Amino acid sequence: MKKQIKVLSTIAAAAVCTLILAACVNSASSKSSSSSTSSSELSSSTSSSSSESSSQDISSSSEEVQEPSEDVIGKVTQTDGKVIEISVYTIDTPIEDYASLNAEMFTDSGEIGQIEVNDKTEYFVASSGELAAAEAGDVTEGDIIAETTTAEGSQQIIILKDAADQPDTAGEEDSEKAIDVKIAEVTAITDNKISLTLYSPADDTAENQITDPASIEMSNYTASTTTEELTISANAVVKECKDGAATDMEASKIAVGDMLAIYTDADGVETIMVYHSEA
């Protein structure tokens, strides 16, 4: 009987050991699986963090890239080698070739600008359709220059030689431009018609040089053999000139012997400037 109990006891002990061993194996497997999952999550997290960091680095690098500044054009008013002061010009057409620019393409904005230069600034002169190297000392008062920045960030000053050599019409006031004026003497007045004898310049210097109809030197003109009749329209503006100043007057006050300067103003209105004959 005792022998049988021992056998059963041995079997029971073996069964318990088997269960404990199985439990240990399952526990180890579970830990291994948990460890594997944790490693996978860590790898995923590290990859995500690395990706975000890389993305941030690229974005930051991209923001640091600066686009070249817009070109600045103007006429040099003074320079000390470090700062160039200019009257700022504007241009309506895109700049494709600096060597082809001319003064008639510019308009004076009325603003004063300053361009700071340094030892790394590059200088060029555009002349006769070509671009040649120049030096800082080549920039002088009266030059028309352009400041531009290359894609690499280099500052360039281009002296527009041909533009500066041409008549400077940039920002020129309408009153300073020569205008087409007909000079005539009143010889007769009948009803609403005025008989005129046309005058011509006494010499070539007087021709097309009238910029102010209120300050014409009539002695520069002589009578021609050409006559015509003038009918003053209702929209015409009549002014009388006294001592270089023009004031409005009635057309009915025009008298025989008066000298007339007839022209069309900037707004397209027919204008008659009356120079009364001396008594």
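Residues numbered from 1 in each chain as written. Predicted model: local features only at pLDDT ≥ 70, side-chain atom pairs only at ≥ 80, totals over all residues. Heavy atoms only, no water.

**Q** Explanation requested: the overall build of the protein chain in the structure shown.
**A** Counting its secondary structure elements, the protein chain contains two helices and 14 strands. Counting over 279 residues, the protein chain shows a buried share of 26%. When contacts within the protein chain are restricted to residue pairs at least 6 apart in sequence, long-range pairs at least 24 apart make up 60% of them. Of the roughly 18,500 Å² that the protein chain leaves accessible, carbon and sulfur atoms contribute 47%. (Helix = DSSP H or I, 4+ residues; strand = E, 2+ residues; numbered from the N terminus. Buried < 20%, exposed > 50% of the residue type's maximum accessible area, 1.4 Å probe, protein only. Contact = heavy atoms within 4.5 Å. Areas by Shrake-Rupley, 256 points an atom, 1.4 Å probe, with all protein chains shown as cover.)

**Q** Just to check I follow, could you spell out the pairing of strand E14 (residues 270–275) for this structure?
**A** A regular strand places its side chains on the two faces of the sheet in alternate fashion. With respect to burial, E14 is a largely interior element, five of its six residues being buried. Pairing of strand E11 (residues 237–242) with E14, which is carried by four bridges, proceeds in the parallel orientation. Bridging from a neighbouring strand, valine 237 pairs with threonine 271 of E14. Pairing of strand E13 (residues 259–264) with E14 involves six bridges; the strand directions are antiparallel. (Pairing = 2+ DSSP bridges.)

**Q** Sorry if this is basic, but what is going on with the nonpolar core here?
**A** Generally speaking, soluble globular proteins have nonpolar side chains that are buried together. Ranked by internal contacts, the top residues of the largest apolar core, which has 15 residues, are Leu196, Leu230, Ile232, Ile254 and Leu260. When contributions to this core are tallied by element, the ones reaching two or more residues are strand E8 (182–190), strand E9 (193–201), E13 and E14. Element by element, the count of residues in this core is highest for E9, at three residues. Counting 13 residues, the second largest nonpolar core, distinct from the first, contains Val181, Ile183, Ala214 and Ala261. (Core = buried A, V, L, I, M, F, W, Y, C linked by side-chain atoms within 4.5 Å.)

**Q** What am I meant to see in the sheet that holds E8 here?
**A** Strands in a sheet are paired, the pairing made by backbone hydrogen bonds, and the direction either parallel or antiparallel. As summarised here, the arrangement of the seven strands in space is E10-E9-E8-E13-E14-E11-E12, forming an open sheet in which the pairing is mixed. At either end of the open sheet lies a strand with only one pairing partner, and these are strand E10 (221–231) and strand E12 (245–248). Across this sheet, the average inter-strand angle for adjacent strands is 35°, counted without regard to direction. (Axes fitted to C-alpha atoms, helices over the stretch in contact; angles between N-to-C directions.)

**Q** So what exactly am I meant to see when it comes to the pairing of E13 here?
**A** Most of E13 sits inside the fold, with five of its six residues counted as buried. Relative to E13, E8 is paired through four bridges, and the arrangement is antiparallel. Bridged to glutamate 185 within E13 is methionine 259. Where E13 hands over to E14, the hairpin turn is made up of five residues, of which glycine 268 adopts a positive phi near 80°.

**Q** Even after reading the chapter, I still don't get the confidence of the model for the protein chain, so can you show me in this structure?
**A** Reading fine detail from the predicted coordinates is not recommended where pLDDT is low. Looking at the protein chain, pLDDT values average 74 and 66% of them are 70 or higher. Here helix H1 (residues 2–64) stands out as the element of the protein chain with the lowest mean pLDDT, 45, in contrast to E8, whose mean of 94 is the highest. In the model, residues 1–8 has pLDDT below 50 throughout and makes zero contacts with residues more than four positions away in sequence or in other chains. Here residues 168–175 scores under 50 on pLDDT; set against residues more than four positions off or in separate chains, the count is 15 contacts. (pLDDT = per-residue confidence, 0-100.)

**Q** Just to check I follow, could you spell out the sheet that holds strand E4 (residues 122–127) for this structure?
**A** The sheet built from seven strands is open, its strands ordered E3-E2-E1-E6-E7-E4-E5 with mixed pairing. Strand pairing shows two members of the sheet lacking a second neighbour, strand E3 (106–116) and strand E5 (130–134), which therefore form its edges. Neighbour to neighbour, the strand axes of the sheet diverge by 35° on average, direction disregarded. Judged from the five bridges that link them, E4 and strand E7 (residues 155–160) form a sheet pairing that is parallel. Within E7, the residue paired with glutamate 122 across the bridge is glutamine 156.

**Q** Please explain the environment of alanine 126 as it appears in this structure.
**A** Its location among the elements puts alanine 126 in strand E4. According to the relative accessible area criterion, alanine 126 is buried, its value standing at 2%. The sequence separation of alanine 126 and aspartate 97 amounts to 29 residues, and the corresponding C-alpha distance is 9.3 Å.

**Q** What am I meant to see in the environment of glutamine 156 here?
**A** Of note, glutamine 156 is situated in strand E7. For glutamine 156, a relative accessible area of 16% translates into the label buried. When the C-alpha atoms of glutamine 156 and tyrosine 123 are compared, they prove to be 5.7 Å apart, with 33 residues separating the residues in sequence. Apart from residues lying up to four places away in sequence, glutamine 156 is in contact with Glu122, Phe124, Ala146, Glu147, Thr148 and Thr150.

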